[in-house]
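A look at the structure
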Amino acid sequence: MAYIMDTNEEERIKGKTVEVGRAHFETETTRFTILDAPGHKSYVPNMISGASQADIGVLVISARKGEFETGFEKGGQTREHVMLAKTLGVTKLLLVVNKMDDHTVNWSKERYDEIESKMTPFLKASGYNVKKDVQFLPISGLMGLNMKTRVDKSLCPWWNGPCLFEALDRIEITPRDPNGPFRMPIIDKFKDMGTVVMGKVESGSVREGDSLLVMPNKAQVKVLAIYCDDNRVRHAGPGENLRIRLSGIEEEDILSGFVLSSVAKPVAAVTEFIAQLQILELLDNAIFTAGYKAVLHIHAVVEECEIVELLHQIDLKTKKPMKKKVLFVKNGAIVVCRIQVNNSICTEKFADFAQLGRFTLRTEGKTVAVGKVTELPTVSSSA
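Residues numbered from 1 in each chain as written. Predicted model: local features only at pLDDT ≥ 70, side-chain atom pairs only at ≥ 80, totals over all residues. Heavy atoms only, no water.

- Going by the annotation in an unreviewed UniProt entry, the name recorded for the protein is Tr-type G domain-containing protein, with Citrus sinensis given as the source organism.
- The UniProt entry for the protein carries the following comment under Function (unreviewed entry): "This protein promotes the GTP-dependent binding of aminoacyl-tRNA to the A-site of ribosomes during protein biosynthesis."
- Per UniProt, the comment on the protein under Sequence similarities (unreviewed entry) is "Belongs to the TRAFAC class translation factor GTPase superfamily. Classic translation factor GTPase family. EF-Tu/EF-1A subfamily." (UniProt positions renumbered as here; feature names shortened; annotations may be inferred.)

**Some words on the side chain of Ser126**
- Within the fold, Ser126 resides in the loop between helix H6 (109–125) and helix H7 (130–133).
- Once you skip the residues sitting within four places of it in the chain, Ser126 turns out to touch Val82, Met83 and Lys86. (Helix = DSSP H or I, 4+ residues; strand = E, 2+ residues; numbered from the N terminus. Contact = heavy atoms within 4.5 Å.)

**Focus on a nonpolar patch on the surface**
- Taken together, the side chains of Ile287, Leu327 and Phe328 present a nonpolar region at the surface, about 320 Å² in accessible area.
- Positionally, Leu327 belongs in the loop between strand E18 (301–314) and strand E19 (328–329).
- You can call Leu327 exposed: its relative accessible area is 63%. (Patch = residues over 30% accessible without salt bridge, like charges linked within 9 Å, V, L, I, M, F, W, Y side chains within 5 Å. Areas by Shrake-Rupley, 256 points an atom, 1.4 Å probe, with all protein chains shown as cover. Salt bridge = Lys/Arg side-chain N within 4 Å of Asp/Glu carboxyl O. Buried < 20%, exposed > 50% of the residue type's maximum accessible area, 1.4 Å probe, protein only.)

**Some words on the sheet that holds strand E4 (residues 92–98)**
- Reading across from one edge, E3-E4-E5 is the order of the three strands in this open sheet, with parallel pairing throughout. Because the sheet does not close on itself, it has two edges, and the strands there are strand E3 (56–62) and strand E5 (134–138). Put simply, the sheet's adjacent strands are angled 20 degrees from each other on average, direction ignored.
- Here E4 runs beside E5; their pairing, made up of five bridges, is parallel. The partner of Val97 across the bridge, within E5, is Pro138.
- Relative to E5, H6 is tilted by about 160 degrees, and along the sheet it contacts E3, E4 and E5. (Pairing = 2+ DSSP bridges. Axes fitted to C-alpha atoms, helices over the stretch in contact; angles between N-to-C directions.)

**Digging into the pattern of salt bridges**
- Summed over all chains, the structure comprises 23 salt bridges.
- Linking Lys191 and Glu252 is a salt bridge whose minimum nitrogen-to-oxygen distance equals 3.3 Å. In this pair, Lys191 sits in strand E6 (residues 183–191) while Glu252 sits in the loop between strand E13 (241–247) and strand E14 (259–262), placing the two residues 61 residues apart along the sequence.
- Of the charged contacts in the structure, one is a salt bridge between Asp230 and Arg243, with a shortest N-O distance of 3.6 Å. Linking Asp230 in the loop between strand E10 (219–228) and strand E11 (231–233) with Arg243 in strand E13, this pair joins segments that are 13 residues apart in sequence.
- A relative accessible area of 59% places Asp230 in the exposed class.
- Looking at Arg243, the relative accessible area reads 25%, which means it is partly exposed.
- Salt bridges here are not isolated pairs; linked through shared partners, they connect Arg64, Glu67, Lys99 and Asp102.

**What to know about the nonpolar core**
- Of all hydrophobic cores here, the largest spans 41 residues; its most connected members are Leu94, Leu95, Met100, Met119, Leu123, Tyr128 and Val134.
- Among the secondary structure elements, those contributing two or more residues to this core are strand E2 (31–36), E3, helix H4 (67–72), helix H5 (77–87), E4, H6, E5 and helix H8 (164–170).
- One finds Leu277, Ile307, Ala369 and Val373 within the second-largest nonpolar core, a separate group that totals 28 residues. (Core = buried A, V, L, I, M, F, W, Y, C linked by side-chain atoms within 4.5 Å.)

**Re the sheet that holds strand E21 (residues 358–363)**
- With antiparallel pairing, the six strands of this closed barrel are ordered in space as E15-E20-E18-E17-E21-E22. Sheet twist, expressed as the mean angle between neighbouring strand axes with direction ignored, is 45 degrees.
- The pairing of strand E15 (residues 268–279) with strand E22 (residues 366–375) spans six bridges and is antiparallel. Among the inter-strand pairings, Leu277 is bridged to a residue of E22, identified as Gly371.

**Structural notes on unusual backbone geometry**
- Looking along the chain, the bond that leaves Met215 and enters Pro216 is cis, with omega of 10 degrees.
- Looking at the secondary structure, you find Pro216 in the loop between strand E9 (211–215) and E10.
- The residue Lys99 is not glycine, and still its phi comes out positive at about 60 degrees.
- With respect to the helices and strands, the residue Lys99 is situated in the loop between E4 and H6.
- A positive phi angle, near 45 degrees, is found at Glu364, a position not held by glycine.
- Relative accessible area serves as the criterion here: at 75%, Glu364 is assigned to the exposed category.

Structure (structure tokens):
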């Protein structure tokens, strides 16, 4: 299946998904957009941009002997993906145990149970409520089994649960506000009879003819046309993946991470903010202190940043700030700090717009911390 989604030559030659593939499918009740994010560790930034738009994560795990173990070991990709998915706001997870048809597995209940029992504590530790928000199910992608219809009892007598499409249909996601201020982080742009931007509406609604702002550069634009799944539509609400044709701005004046936003209540554009960070795993011997530099990934923004000041550490037991002044922290700590970026970026407080206020910090290709924006500077100081 991945081969079909991997549309560029580089991906087919390497046999790996590099970019975030998009496709659409429908069940009887729901329209889905697939964001096929890369699994390979060199392409984690692309995975972040895919996952940051997702409502549901489908984590595909191989049941083949040795393959599950490789992905799950310390430093394996399965672990990093679960952590990132949680940080990026993917609240619901389907854990799909694939390759159940493999000759080393033969739809073995023991193998399936072993994977579930190894993954469960780790999912809990990553912050998922396993009973409520995670569902495991066995499939064979290659054979198309237990995907659209339930797997035959003659093959897999022990499975009484749903197939993949049923499980997807049953998931309830948190509704977004169609009447909130319009917010659409731009993940891509191109020229096509004008300037076209792509992204997912995180709040509010948009209609043909609307006047909007492209932030942070405050460019006033007009909506000429809206496309959803290749169909032209008059208006669209939150949660939709759209392409919008704009007038009033050149394609080269837009960067991914800019946000299409309402004129009345534009998104905040800042060069510094205060955030609560959880340190995951610093590079060997690194300590996390003022002056620490990393790459910030927040919705579609990728910017170099610097930690300017550690304000206080949070006690992991009481969840309250510690009184002692903090100069540095180590792995596992939760700390509130001030972060600075060179260029103005669009963000919101996590409490107001979770999708625009959560981020990851990466150094040398590794995720070192995850965090959420808690305070933005008041307008006067950043003007």
